[in-house]
Amino acid sequence: MSADLAAILAAVATVGIGLAGLTAALWRDVRADIRELRTSFDADRVAHEALHAAERQARAEETRELRAAISATRE
């Protein structure tokens, strides 16, 4: 019975170690995916902010042009 118990314990330990290795590998992949998503989100945010800055610049230029046109018509 002692030999059977030792064999069972060895099998359980082997399976446990295998599962621990698999879990560690899966978490590494998950962390890599999370990093990739964060990088993508950051790039999207930067592009979005650049788009808004360009829109603000265009509105400011249009406002200047309209004010110049209004001033020209008053003179």
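For every chain, the first residue of the written sequence is number 1, and numbering continues from 1 onward in sequence order. Reporting in this predicted model follows two pLDDT cut-offs: at least 70 for local features of residues, and 80 or more for side-chain atom pairs to be given and counted; totals over whole chains, interfaces and linings ignore these cut-offs and use all residues. Hydrogens and water are ignored here; the side-chain numbers use all heavy atoms of the structure.

A.B. asks: Help me understand the overall build of the chain in this model?
C.D. replies: Strands are runs of DSSP state E lasting at least 2 residues, helices are runs of H or I lasting at least 4, and numbering of each runs from the N terminus. Helices and strands together make up the secondary structure of the chain, namely one helix and zero strands. As a reference, a globule follows 2.2 Å times the number of residues to the power 0.38, and the radius of gyration itself is taken over C-alpha atoms. Relative to its length of 75 residues, the chain is extended, with a C-alpha radius of gyration of 32 Å against a globular reference of 11 Å. The principal-axis extents of the C-alpha atoms in the chain amount to approximately 110 × 10 × 5 Å. Each residue is assigned to one of three classes by its accessible area relative to the maximum for its type, calculated with a 1.4 Å probe on protein chains only: buried under 20%, partly exposed between the two thresholds, exposed over 50%. Here the chain holds 75 residues, and 0% of them are scored as buried. All accessible-area figures derive from a Shrake-Rupley calculation using a 1.4 Å probe, and residue coverage is judged against the displayed protein chains alone. If you sum the accessible surface of the chain, you get close to 6800 Å²; carbon and sulfur atoms cover 64% of it. Here the chain contributes 10 positively and 12 negatively charged side chains, and the mean placements of these two sets differ by 7 Å. In this count, Lys and Arg are taken as positive residues and Asp and Glu as negative ones, while His and the chain termini are left out. Note on charges: their place is set at NZ of Lys, CZ of Arg, CG of Asp or CD of Glu.

A.B. asks: Help me understand the environment of A3, please; the structure alone is not making it clear to me.
C.D. replies: Looking at the secondary structure, you find A3 in helix α1 (residues 2-74). Between the C-alpha atom of A3 and that of D33, which follows or precedes it by 30 residues, the distance is 45 Å.

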